[in-house]
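For reference, the chains in residue letters:
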Amino acid sequence: GGLVVSFGEMLIDFVPTVSGVSLAEAPGFLKAAGGAPANVAIAVARLGGKAAFLGKLGEDEFGRMLAAILRENGVDDGGIRFDDGARTALAFVTLRDDGEREFMFYRNPSADMLLRPDELDVDLIKKAKIFHYGSISLISEPCRSAHMRAMDVAKAANALLSYDINLRLPLWSSPEEAKTWIMSIWDRADIIKVSDVEFEFLTGDSTMSDETAMSLYHPNLKLLLLTLGDQGCKYYTKNFHGAVGSISVKPVDTTGAGDAFVGALLCKIVDDQSVLQDEKRLREILRFSNICGAITTTKKGAIPSLPKEPEVLALLKGAKEC
Ligand code: ATP
């Protein structure tokens, strides 16, 4: 199978041992590996695909722990660099009773922000059939330049470029700055995934109309995806658009649902990109991807709940679209 190379941050989330508390009220925290691009790589590998993760970790116990988690999950970690001066990034995350996620980041700067262009594993990027990334790696130098160069290398090697915005506003100096940089690489992507919240942030349209979605379309884009939580997703291509429902589940922790969704999609298209022009087959893949997202919400943590193929197929057979 073709290789998916995922670029960006990997970090440790510290999650309260009890649910529904603020960070200040939390009696204790459990560590959980995270970072959307790393989750996507593991999601691909969990489904039987070939995946590599590219980024920088601290030369510390947490950094080595994260690299080991990638390897244990079958993800190629050969592109990881270790910084001996900066720590692996940490984030304290809690889901409050009102359903809002509260983040507190330790990045001052963290190792992921310090990846330099000359540290890129260019040979690995050249092997990618799909090159996937988000926007957190655009926030500061030198990682921003490394990100730009990695995209150049991937594009020149004819990889499909996949962009999951993964907006984390508190990490940017201002919303305007976030929007400017997020949009600065917009036209380069072949596939773009935005969540409902990101859609409203970028367009100002809370109704998520098809018209506004089409305004986000650029001439080279092959697929625009809008994820809608329990409502499934919407898809837009040059020739067709529509919506695909998810399945009904009891969510426990939604962390990683979007990453599971993206990982599943990339895994399914990496060896046959012609599905992007075939609405019927694309809908089947999105149905599969929605179920992967849904499953991920039913257990605590992102990585432990990323599904294997048989689990998804069982639900795919049983469930009616809702
Ligand atoms: P994240 O929450 O990981 O930052 P996101 O906002 O992009 O990412 P969601 O829209 O929450 O992700 O989820 C991605 C996909 O997973 C959805 O499009 C949907 O198909 C599925 N999904 C998520 N939550 C649920 C749910 N409660 N019930 C059913 N399916 C869900």
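Preceding this section is the structure that the text describes.
Residues numbered from 1 in each chain as written. Predicted model: local features only at pLDDT ≥ 70, side-chain atom pairs only at ≥ 80, totals over all residues. Heavy atoms only, no water.

A. The arrangement of the state of the cysteines in detail. The tally for this structure, following the rule as stated, stands at zero disulfides. No disulfide involves Cys 233; its nearest neighbouring cysteine sulfur is the one of Cys 292, lying 12 Å away. Assessed through its relative accessible area of 0%, Cys 233 is described here as buried. (Disulfide = S-S within 2.5 Å. Buried < 20%, exposed > 50% of the residue type's maximum accessible area, 1.4 Å probe, protein only.)

B. The nonpolar core, seen in detail. Counting residues in hydrophobic clusters, the biggest one holds 57 residues, and the most contacted among them are Ile 269 and Leu 286. Residue contacts for Ile 269: discarding those within four places in its chain leaves Ile 130, Leu 160, Ile 191, Val 275, Leu 276 and Ile 285. One finds Leu 54, Leu 124, Leu 138 and Leu 228 within the second-largest nonpolar core, a separate group that totals 47 residues. (Core = buried A, V, L, I, M, F, W, Y, C linked by side-chain atoms within 4.5 Å. Contact = heavy atoms within 4.5 Å.)

C. Quick look at the sheet that holds strand 9 (residues 128–133). One open sheet accounts for eight strands, arranged 4-1-9-10-11-12-13-14; its pairing is mixed. Of all strands in the sheet, those bounded by a partner on one side alone are strand 4 (50–54) and strand 14 (241–244). Here the average twist between neighbouring strands, direction ignored, is 20°. Sitting on the sheet, helix 1 (residues 36–46) touches strand 1 (3–7), strand 4 and strand 9, and the angle it makes with strand 4 is about 165°. (Pairing = 2+ DSSP bridges. Helix = DSSP H or I, 4+ residues; strand = E, 2+ residues; numbered from the N terminus. Axes fitted to C-alpha atoms, helices over the stretch in contact; angles between N-to-C directions.)

D. Inspection of the pattern of salt bridges at higher detail. Under the criterion given, the structure shown has 17 salt bridges. Between Arg 116 and Asp 118 there is a salt bridge, and its shortest N-O distance comes to 2.9 Å. Accessibility expressed as a relative area gives 37% for Arg 116, which makes it partly exposed. Given the relative accessible area of 55%, Asp 118 is considered exposed. A salt bridge links Asp 152 to Arg 188, with the shortest nitrogen-to-oxygen separation between them at 2.9 Å. Here Asp 152 is found in helix 4 (residues 143–156), whereas its partner Arg 188 is found in the loop between helix 5 (175–184) and strand 11 (191–195), with 36 residues between them in sequence. (Salt bridge = Lys/Arg side-chain N within 4 Å of Asp/Glu carboxyl O.)

E. Molecular detail of the site of the ligand. In the neighbourhood of the ligand, 20 residues make up the surrounding shell, with Lys 193, Thr 227, Gly 232, Ser 246 and Asn 290 lying closest. In the model, an oxygen atom of the ligand is placed 2.9 Å from a nitrogen or oxygen of the Thr 227 side chain. For the ligand, an oxygen atom lies 3.0 Å from a polar atom in the backbone of Gly 258. If the ligand stood free it would expose 610 Å²; the protein chains cover 88% of that surface. Put simply, the parts of the chain that give the shell around the ligand at least two residues each are strand 11, helix 8 (257–269) and helix 9 (279–296). In terms of residue count, helix 9 provides more of the shell around the ligand than any other element does, three residues in total. Of the residues belonging to the shell around the ligand, the class tally is six nonpolar, eleven polar and three charged. (Near = heavy atom within 4 Å. Polar contact = N/O pair within 3.5 Å; in protein donor to acceptor, adjacent residues only side chain to side chain. Areas by Shrake-Rupley, 256 points an atom, 1.4 Å probe, with all protein chains shown as cover. Nonpolar A, V, L, I, M, F, W, Y, C, P; charged D, E, K, R; others polar.)

F. Spatial organisation of helix 9. An ideal rise of 1.5 Å per residue puts 26 Å on 18 residues; helix 9 measures up with 25 Å between its terminal C-alpha atoms. The buried fraction of helix 9 is high, at 13 of 18 residues. (Expected span 1.5 Å × (residues − 1).)

G. Examining the pairing of strand 4 more closely. With four of its five residues buried, strand 4 lies for the most part within the structure. Alignment of strand 1 against strand 4, held across five bridges, turns out to be parallel. Residue pairing across strands places Val 4 opposite Ala 51, the latter belonging to strand 4.

H. Region of the structure containing the pairing of strand 1. Most of strand 1 is tucked away: five of the five residues are buried. Of the two faces of strand 1, the one carrying Leu 3, Val 5 and Phe 7 and the one carrying Val 4 and Ser 6 are both buried. Relative to strand 9, strand 1 runs parallel, the two sharing four bridges. Each residue of the ladder has a partner; that of Ser 6, found in strand 9, is His 132.

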